[in-house]
Amino acid sequence: MERTFSIHALIILLIALQFSSYFSTCSASRKSHSNEYLTNRKYIKNSCRATTYPKLCLKSLARHASKIKADPKLLAHAALNTSFFAAKTTSKLLANMSKVHGLGPNEAAAMVDCIADVSDSVQKLQKSIKEMDRAEGSDLQVQMNDIQMWVNTALDEEETCMNALANKAIKSKVKRGVRGRVVKVAHLTSNALTLVKSFASAQKN
Ligand SMILES: *[C@@H]1O[C@H](CO)[C@@H](O)[C@H](O)[C@H]1NC(C)=O
Ligand SMILES: *[C@@H]1O[C@H](CO)[C@@H](O)[C@H](O)[C@H]1NC(C)=O
C-alpha cells in the first residue's frame, strides 16, 4: 500500500516537473519576445513625439513594430504606407457616398471636389512610396526633397477636402459619414511627413 502510494507520488512528481519545465521554457520565450516588441514599440513612441498627432502615430505604427525595429527609413516608409491605404479606402468611401440618393447640390458638389482631391493625394502618396523604395546613395537628398514635396501636396489636397466638408451648407449626416475619415487621413499624412523629414535630415549629418 505504501509502495503503491510512493510510485503514484513519483509519477505525479515527474509529471509536475515536466510541466513546470515546459511552462518555464514557454514563458521565457514569450518574455524575450515581448521585451523585443517593447523595445521596438518604444522606438516608435519616441519618434512619434516629433509628430503633431503622436497618439495616432503610435497606434497606427505599433503593429508594424517588428518590421520597423529601430530603422528611421522603415518607420517613414510604414507611415507612408498607412497614410496611403487609409487615403485609398477613404477615396472609395467618398465615391460610394457620392452615389447615395438624396444628396443636395452642395453635398454633391463637395463630394465631386473631394473625390478629385483625395484621389490625387492617393497618387502622390503612392509615388512617394515608390521613390522611398529607391531612395539611397548620392541622390538621396534630391529624392527625399521630391518625396517631401509630394507628401506635402497630398496633405494640402486632403485638407482642401476636409475644409470643403466643414462647410455650413453640408448636412450633418454627410459630415458624420465622411469628414471624420478624411480628417484621420490628413492626420496620418501629416505624421508621415514629419517622419519623412526626420529621416531626411538625419541623413544629412
Ligand atoms: C509597405 O506596404 C507594402 C505592401 O503594399 C509592403 O510590401 C511593405 O513591406 C510595407 N513597408 C513597410 C515598411 O511597412
Ligand atoms: C464601396 O462600395 C462597394 C460596392 O458597393 C463595396 O464593396 C465597398 O466595400 C465600398 N467601399 C467602402 C470604402 O465603403
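Rules used throughout
- Here the residue numbers are simple positions, counted from 1 along each chain's written sequence.
- As they are written, the chains are lettered A onward and the ligands numbered 1 onward, keeping that order.
- Local features are withheld for residues below a pLDDT of 70 in this predicted model, meaning they are given only at 70 or higher, and side-chain atom pairs are given and counted only at 80 or more; totals for whole chains, interfaces and linings count all residues.
- Side-chain measures here rest on the full set of heavy atoms in the structure, leaving out hydrogens and waters.
- Elements are defined by DSSP. Helices are runs of H or I of four residues or more, strands are runs of E of two residues or more, and each kind is numbered from the N terminus.
- Burial status follows relative accessibility: with a 1.4 Å probe on protein chains alone, a residue under 20% of its type maximum counts as buried, one over 50% as exposed, and anything between as partly exposed.
- We call two residues in contact whenever any of their non-hydrogen atoms come within 4.5 Å of each other.
- Here an axis means a line fitted to C-alpha atoms, over the contact stretch when the element is a helix, while the angle between two N-to-C directions is reported on a 0 to 180 degree scale.
- Under this scheme an angle from 65 to 115 degrees is roughly perpendicular, one under 35 degrees roughly parallel, and one over 145 degrees roughly antiparallel; angles in between are oblique.
- Handedness of a crossing follows from how the near helix is turned relative to the far one, being left-handed for an anticlockwise turn of less than a right angle and right-handed for a clockwise one.
- Three residue categories are used. Nonpolar comprises Ala, Val, Leu, Ile, Met, Phe, Trp, Tyr, Cys and Pro, charged comprises Asp, Glu, Lys and Arg, and polar comprises the others, including Gly.
- What makes a salt bridge here is a side-chain nitrogen of Lys or Arg within 4 Å of a carboxyl oxygen of Asp or Glu, nothing more.
- Being near a molecule or strand, for a residue, means having at least one of its heavy atoms within 4 Å of it.
- Counting of polar contacts relies on pairs of N or O atoms within 3.5 Å, with two restrictions inside protein: one atom must be capable of donating a hydrogen and the other of accepting it, and residues adjacent in sequence are counted only when both atoms are side-chain atoms.
- Where accessible areas are quoted, they stem from the Shrake-Rupley method and a 1.4 Å probe; at the residue level, only the protein chains shown are allowed to cover.
- Grid points spaced at 1 Å and placed over the protein atoms alone form the basis of the search, with a cavity being a set where a 1.4 Å probe fits but cannot get out and a pocket an open set showing protein on both sides within 12 Å along at least five of seven lines. Lining residues have an atom within 4 Å of a point.
- Grid points are joined across faces, edges and corners, and a volume is the space filled by probe spheres set on the points.
- For this text, the term disulfide refers to a pair of cysteine sulfurs within 2.5 Å.
- The residues that make up patches have over 30% relative accessible area and no salt bridge, and they are joined within 9 Å when like-charged or within 5 Å when they are Val, Leu, Ile, Met, Phe, Trp or Tyr.
- Just so you know, the count uses Lys and Arg for positive and Asp and Glu for negative, and it drops His and the chain ends.
- By convention, the point assigned to a charge is CZ for Arg, NZ for Lys, CD for Glu and CG for Asp.

## Some remarks on the overall build of the protein
Each helix and strand counted, the protein has seven helices and zero strands in total. Counting helices and strands in the order they occur from the N terminus, the protein gives α-α-α-α-α-α-α. Within the span of the protein, comprising 205 residues, buried residues form 36% of the whole. Summarising the internal contacts of the protein: among those between residues at least 6 apart in sequence, 72% fall at separations of at least 24.

## Considerations on the packing of helix α5 (residues 105-134) against helix α6 (residues 140-166)
Orientation of α5 relative to α6, taken along the N-to-C sense of each, is 160 degrees, at an axis distance of 8 Å. The orientation of α5 relative to α6 falls into the category roughly antiparallel. Relative to α6, α5 is oriented so that their crossing is left-handed. Along the lines of polarity and charge, the residues of the contact of α5 with α6 split into 13 nonpolar, five polar and eight charged.

## Looking at the pattern of salt bridges
Applying the stated criterion across every chain yields a total of three salt bridges. Between Lys171 and Glu107 there is a salt bridge, and its shortest N-O distance comes to 3.6 Å. Highlighted residues: Lys171 in the loop between α6 and α7 (172-203) and Glu107 in helix α5, separated in sequence by 64 residues. Residue classification places Glu107 among the buried residues on the basis of a relative accessible area of 4%.

## Digging into the site of ligand 1
Inspection of the region around ligand 1 gives Lys67, Leu74, His77, Ala78, Asn81 and Phe85 as its neighbouring residues. Lys67 has a polar side-chain atom sitting 2.5 Å from an oxygen atom of ligand 1. In this structure, an oxygen atom belonging to ligand 1 sits 2.3 Å away from a side-chain N or O atom of Asn81. Protein coverage of the free-state accessible area of ligand 1, which is 360 Å², stands at 59%.

## Comments concerning the site of ligand 2
Taken together, Thr89, Leu93 and Asn96 make up all the residues around ligand 2. Note that an oxygen atom of ligand 2 is positioned 2.3 Å from one of the side-chain N or O atoms of Asn96.

## A look at the layout of surface pockets
Looking at the largest pocket, its volume works out to about 320 Å³. Lining the largest pocket we find 15 residues, and of these Thr82, Phe85, Ala86, Lys184 and Leu188 sit closest to its centre. Residue composition of the lining of the largest pocket, by class: five nonpolar, six polar and four charged.

## Brief notes about the state of the cysteines
For the structure on display, the rule yields two disulfides. The disulfide bridge from Cys114 ends at Cys161, spanning 2.2 Å between sulfur atoms. Disulfide Cys114 to Cys161: torsion about the S-S bond roughly 100 degrees, handedness right-handed. On the criterion of sequence distance, the pair formed by Cys114 in helix α5 and Cys161 in helix α6 is long-range, its members being 47 residues apart. Residue Cys114 is classed as buried on the basis of its relative accessible area of 0%. With a relative accessible area of 0%, Cys161 lands in the buried category.

## What about a positive patch on the surface?
Among the surface-exposed residues, Arg41, Lys42, Lys45 and Arg49 lie close enough to one another that they form a single positively charged patch. Considering the arrangement of structural elements, one finds Lys45 in helix α1 (residues 2-48). Under the relative-accessibility criterion, Lys45 is labelled partly exposed at 43%.

## Comments concerning the side chain of Thr194
Mapped onto the elements of the fold, Thr194 is located in helix α7. Judged by its relative accessible area of 18%, Thr194 falls in the buried class. Aside from chain neighbours lying at most four places away, what touches Thr194 is Ala50 and Thr51.

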